[in-house]
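Here is what each chain is made of, one letter per residue.
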Amino acid sequence: MTWSAQQYSRFEAERTRPVRDLVAAIPNDDVKVAVDLGCGPGNSTEVLAQRYAQAQVTGLDSDQDMITAARKRSPQTAFELADIANWSPAARYDVILANASLQWLPDHQTLYPRLVDCLAPNGTLAIQTPDNLQEPAHLLAQEVAADARWGGKLAQVRHHSRHTPQWYYGLLQPHCQHIDVWRTTYFHPLEDAQAVVEWFKGSALRPFLAKLDDSGKAEFLQLYKQRIEQAYPALPSGTVLLPFPRLFILATR
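Procedures and definitions
Residues numbered from 1 in each chain as written. Predicted model: local features only at pLDDT ≥ 70, side-chain atom pairs only at ≥ 80, totals over all residues. Heavy atoms only, no water. Buried < 20%, exposed > 50% of the residue type's maximum accessible area, 1.4 Å probe, protein only. Helix = DSSP H or I, 4+ residues; strand = E, 2+ residues; numbered from the N terminus. Axes fitted to C-alpha atoms, helices over the stretch in contact; angles between N-to-C directions. Parallel < 35°, antiparallel > 145°, perpendicular 65-115°, else oblique. Left-handed = near helix turned anticlockwise from the far one by under 90°. Contact = heavy atoms within 4.5 Å. Pairing = 2+ DSSP bridges. Right-handed = clockwise from strand over helix to strand, strands pointing away. Polar contact = N/O pair within 3.5 Å; in protein donor to acceptor, adjacent residues only side chain to side chain. Core = buried A, V, L, I, M, F, W, Y, C linked by side-chain atoms within 4.5 Å. Patch = residues over 30% accessible without salt bridge, like charges linked within 9 Å, V, L, I, M, F, W, Y side chains within 5 Å. Areas by Shrake-Rupley, 256 points an atom, 1.4 Å probe, with all protein chains shown as cover. Salt bridge = Lys/Arg side-chain N within 4 Å of Asp/Glu carboxyl O.

Enquirer: For this particular structure, what's the right way to read unusual backbone geometry?
Expert: Peptide bonds are mostly trans, and most non-glycine residues show a negative phi. A positive phi angle, near 55 degrees, is found at A100, a position not held by glycine. Of the residues examined, A100 reaches a relative accessible area of 15% and is grouped as buried. At N122, a residue that is not glycine, the phi angle is positive and equals roughly 70 degrees. The topology assignment puts N122 in strand β5 (residues 119-130). Take N122: its relative accessible area is 48%, and that puts it in the partly exposed class.

Right, here's the structure in full:
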């Protein structure tokens, strides 16, 4: 399953707003080394580098298309091809940013404390993850995937489960001196229902579409769009308002 930097970046302004809010809330001022885990096309790394202009900032991503786009966007920043799942740095970081990336990984019970261990003393782990598995856009994707026309190809496709704010707080509390957790729902005005489909083609629909041929993808997306039109009725102007809940965590070692 590969990423498309171009597709993901179609809604760059909307996708970047949460990371701006997250990075602005990081309590650390004296930061020498920082890393962006799952940097995508580099928009989140750019926000991090703007906040800490004096720091050595690195972006990591497991997808070559994303790394290529990030290097083109910010040639002065170091970007490396790497997988968060087995990332084991030799040095410790003052800030570790993970913006909309950790939801793609399993076993948060092990992953989150491991990332805290990669922090320098008083360093901060800054995480933002979509918290929308119960939103219509996700539930409808599962409904469409369950349709018999796919011949069972999509039966095993599941997004990794996510936990409550209380669960994450309790998990990190023994490892951190301070934790800040909050949830924000953004309401993104999109052009129409097709724009909602295009949004999720760049993220949540990828595991489903990756298992279908071109004709199957087109049929899946058409059926999904029909259900999106019902779940997200357009305003009189034609605009569709997409609610998007996100969970934020700042954990200081």
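Enquirer: Please clarify how the packing of helix α8 (residues 193-201) against helix α10 (residues 214-231) should be interpreted in this entry.
Expert: When two helices pack together, their arrangement is given by the angle between the helix axes and the distance between those axes. The N-to-C vectors of α8 and α10 enclose an angle of 125 degrees; their axes lie 9 Å apart at closest approach. Accordingly, the angle class assigned to the pair α8 and α10 is oblique. Between α8 and α10 lies a crossing whose hand is right-handed. Contact residues: A193, Q194, V196, V197, F200 and K201 in α8; L221, Y224, K225, I228 and E229 in α10.

Enquirer: Looking at this structure, how should I read the pairing of β5?
Expert: Two faces belong to every sheet, and in a regular strand the side chains alternate between them. Most of β5 is tucked away: 10 of the 12 residues are buried. With 6 bridges joining them, strand β4 (residues 93-99) and β5 adopt parallel strand pairing. From the neighbouring strand, V95 faces β5, where its bridge partner is T124. Each parallel crossover has a hand, and for β4 linked through helix α5 (residues 108-116) to β5 it is right-handed. Judged from the 7 bridges that link them, β5 and strand β7 (residues 240-252) form a sheet pairing that is antiparallel. Looking at β7, one finds that P130 is bridged to R246.

Enquirer: Would you mind going over α8 with me for this structure?
Expert: Counting along an α-helix, one turn takes 3.6 residues, and residues three or four places apart therefore face a common direction. The element α8 is extensively covered by neighbouring structure, given that 7 of its 9 residues are classed as buried. All buried positions along α8 are accounted for by A193, A195, V196, V197, E198, W199 and F200. Where α8 begins, the side chain of D192 points an oxygen toward the backbone nitrogen of Q194, at a separation of 3.2 Å.

Enquirer: How do you make sense of the nonpolar core when you look at a structure like this?
Expert: Most often, soluble globular proteins have nonpolar side chains that are buried together. Grouped together as the largest cluster of nonpolar side chains are 30 residues, with contacts concentrated most on F200, L205, F208, F220, Y224, I228 and L242. Counting only elements with at least two residues in this core, the list comes to α6 (136-145), α8, α9 (206-209), α10 and β7. With 6 residues, the single largest contributor to this core is α8. Other than its neighbours up to four places away in sequence, L242 contacts Y186, F187, H188, L190, V196, W199, F200 and Y232. Grouped together as the second largest cluster of nonpolar side chains are 26 residues, I84, I127, L171 and I179 included.

Enquirer: I'm lost on a nonpolar patch on the surface in this one. Help?
Expert: On the surface, F187, L235 and L241 cluster together into a nonpolar patch covering about 290 Å² of accessible area. With respect to the helices and strands, F187 occurs in strand β6 (residues 178-190).

Enquirer: I'm lost on the environment of P233 in this one. Help?
Expert: By the element assignment, P233 lies in the loop between α10 and β7. Remark: the alpha-carbon pair of P233 and A193, spanning 40 residues in sequence, is separated by 8.2 Å.

Enquirer: Just to check I follow, could you spell out the pattern of salt bridges for this structure?
Expert: One side chain can pair with another of opposite charge once the charged atoms of both are near each other. Enumeration according to the criterion identifies 8 salt bridges in this entry. With a closest N to O distance of 3.1 Å, E143 and R227 form a salt bridge. Highlighted residues: E143 in helix α6 and R227 in helix α10, separated in sequence by 84 residues. Exposure remark for R227: the relative accessible area of 25% places this residue in the partly exposed category. The shortest N-O distance in the salt bridge between E219 and R149 comes to 3.0 Å. Placement of the pair is E219 in helix α10 and R149 in the loop between α6 and α7 (165-172), with a sequence separation of 70 residues. On the accessibility criterion, E219 (39% relative accessible area) is partly exposed.

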